[in-house]
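Overview (structure and organization)
These are the residues of each chain, in order.
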Amino acid sequence: MLVLRSSRAALRTLEPSSGGIVGRVLLRGLSTSAARSEELKKTPLYDFHVQHKAKMVPFAGWSMPLSYGEVGQITAHNHVRNSAGLFDVSHMLQHRFTGPSSQSFLESLSPSSLHALTPFSSTLSVLLNESGGIIDDTIITKHSDNDFYVVTNAGRSEEDKAHIGSKLAEWNEKHPGKEVKWETMDGWGLLALQGPKAAEVLQGLTETDLSAVKFGQSAFAEIGQGKVTCHVARGGYTGEDGFEVSIPPEHAVELTELLSGHPDVQLIGLGARDSLRLEAGMCLYGHDLDESVSPVEAALTWVIGKDRRAPDAPNPFPGKSRILEEIANGPKRRRVGFEIIGVPAREGCKVFAADGKTEIGVITSGIPSPTLGTNIAMGYVLNGQHKKGTKVQVEVRRKLREAVVKPMPFVPTKYYK
């Protein structure tokens, strides 16, 4: 799969100029064949994966399972769509922010209306740089106005920690008596249980009524005979119903063995995770997002709180002037979905207008869809070329292929709401 190989061609910044499209190719390093295993970080479940015959590969600086035993990617993908799959996502960085100004501090980093969230609800959001570009995408869960649980991407951990640490030092200096405490939950397990049977599987292991936990909500639940207290959030990266379960370090292997032992559950690796997320129209940072891309360009305008868009709204977010300009007048480029006729288009393939001559964009992720049986992709095109049904040409192996702009998600989501 594209996501797992060394990547050098990716998102291009599209800027109209007298010479046509200016493309700045950004290096991607989600994995590298030169990485040695001793240099890679290991999740609490590394030995568990090896024992279960996982093919381990470098991913975002971690040794992670690509697949298990003889089970192929398509088989694993289809199992998640039809039953339940268990993913180790412990490489993701889990954070906790507490203190009297935690909510205001997080709103100073992101454009979402966290004050509007009810306790134990969450939102997808983005950390922004001063020019309105996306430093990282993140899930922010509000336990209370003074207590937040946040998950960010493994491949951006150093950048995120440096950014948050710098901003927090400034914040606490300016807010004496209302300081924010920040901790990263190093060593904690994080499992994603996804698929139409996920709720049935997890409900059999806890007395917490999971039917009361809707998509985008969370709860603390005691799981297993040992009644291990875990943070359980309903959501995930596949478009299916499911949960992300945060587990204390000393119980990570125990609960993984418990969940994976259910007859409906299959262990799932990174290969199927990528095809599932692309069918669901979800971004992968470093491919579909980077620091040059704004949330408006990325089709993530919805994460920007409506009340925070007012020019005079309190607690402005970084890059607000650019983002408001793009909301009002449209961005230069937009993230869209594609269906490509004939062969799959991979990351870095150029997108042309229907005339086959005018370069208008680039593919950032692409696969043959196991669910649909067609070739799907996402990428960026110049504003005006983004409308559903627009016919385009995509250059694959030096040959132009017919394609059409498609809405995302490609496969309808099945969230429990």
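Residues numbered from 1 in each chain as written. Predicted model: local features only at pLDDT ≥ 70, side-chain atom pairs only at ≥ 80, totals over all residues. Heavy atoms only, no water.

What follows concerns the nonpolar core. Leu-193, Leu-202, Phe-243 and Val-245 are the most contacted members of the largest nonpolar core, which has 26 residues in total. At the level of secondary structure, the elements contributing two or more residues to this core comprise strand E6 (84-88), strand E12 (189-194), helix H5 (198-203), strand E13 (218-223), strand E14 (228-234), strand E15 (242-247), helix H6 (252-260) and strand E16 (265-267). Element by element, the count of residues in this core is highest for H5, at four residues. (Core = buried A, V, L, I, M, F, W, Y, C linked by side-chain atoms within 4.5 Å. Buried < 20%, exposed > 50% of the residue type's maximum accessible area, 1.4 Å probe, protein only. Helix = DSSP H or I, 4+ residues; strand = E, 2+ residues; numbered from the N terminus.)

Here the focus is the confidence of the model for the protein chain. Caution applies to low-pLDDT parts of the model: their predicted coordinates are not meant to be read in detail. Put simply, the protein chain has an average pLDDT of 92, and 91% of its residues get 70 or more. This stretch, residues 1-35, has a pLDDT under 50; its non-local contacts, to residues over four places away or in other chains, come to 102 contacts. (pLDDT = per-residue confidence, 0-100. Contact = heavy atoms within 4.5 Å.)

Across all of its chains, the model carries 18 salt bridges by this definition. With a shortest N-O distance of 2.8 Å, Asp-241 and Arg-234 are connected by a salt bridge. One exposure class covers both Asp-241 and Arg-234, and it is buried. For Arg-322, the salt bridge goes to Glu-326, with nearest N and O atoms at 3.1 Å. Of this pair, Arg-322 and Glu-326 both sit in helix H8 (residues 320-329), four residues apart, which is roughly one turn of that helix. Classification of Arg-322 as partly exposed rests on a relative accessible area of 23%. You can call Glu-326 buried: its relative accessible area is 9%. (Salt bridge = Lys/Arg side-chain N within 4 Å of Asp/Glu carboxyl O.)

It is worth spelling out the sheet that holds strand E21 (residues 391-396) at this point. With antiparallel pairing, six strands are arranged side by side around a closed barrel as E17-E20-E19-E18-E21-E22. Averaged over all adjacent pairs, the angle separating strand axes in this sheet is 40°, with direction ignored. In this structure, strand E18 (residues 350-353) lies alongside E21, joined through three bridges in antiparallel fashion. Of the residues in E21, the one forming a bridge with Val-351 is Val-394. On top of the sheet, helix H7 (residues 270-279) reaches strand E19 (359-368) and strand E20 (375-382); it is set at about 130° to E19, its chief contact. (Pairing = 2+ DSSP bridges. Axes fitted to C-alpha atoms, helices over the stretch in contact; angles between N-to-C directions.)

This part is about the environment of Gly-271. One can find Gly-271 in helix H7. Gly-271 sits in the buried class, given a relative accessible area of 3%.

Turning our attention to the sheet that holds E13. Sheet strands pair by backbone hydrogen bonding; their relative direction is either parallel or antiparallel. Strand order in the open sheet made by the six strands is E13-E14-E15-E12-E6-E16, with mixed pairing throughout. Of all strands in the sheet, those bounded by a partner on one side alone are E13 and E16. The sheet shows a mean angle of 30° between the axes of neighbouring strands, taken without regard to direction. With three bridges joining them, E6 and E16 adopt parallel strand pairing. Across the sheet, residue Leu-86 finds its bridge partner in E16, namely Leu-267.

Here we take up the packing of helix H2 (residues 73-82) against H7. At their nearest, the axes of H2 and H7 sit 8 Å apart, and the two run at 55° to each other. One finds that H2 runs oblique with respect to H7. Of the two possible hands of crossing, H2 and H7 adopt the one that is right-handed. Listed contacts from H7 to Gln-73, Ala-76, His-77, Val-80 and Arg-81 of H2 are Gly-271, Ala-272, Ser-275, Leu-276 and Glu-279. For the contact of H2 with H7, the class distribution of residues is four nonpolar, four polar and two charged. (Parallel < 35°, antiparallel > 145°, perpendicular 65-115°, else oblique. Left-handed = near helix turned anticlockwise from the far one by under 90°. Nonpolar A, V, L, I, M, F, W, Y, C, P; charged D, E, K, R; others polar.)

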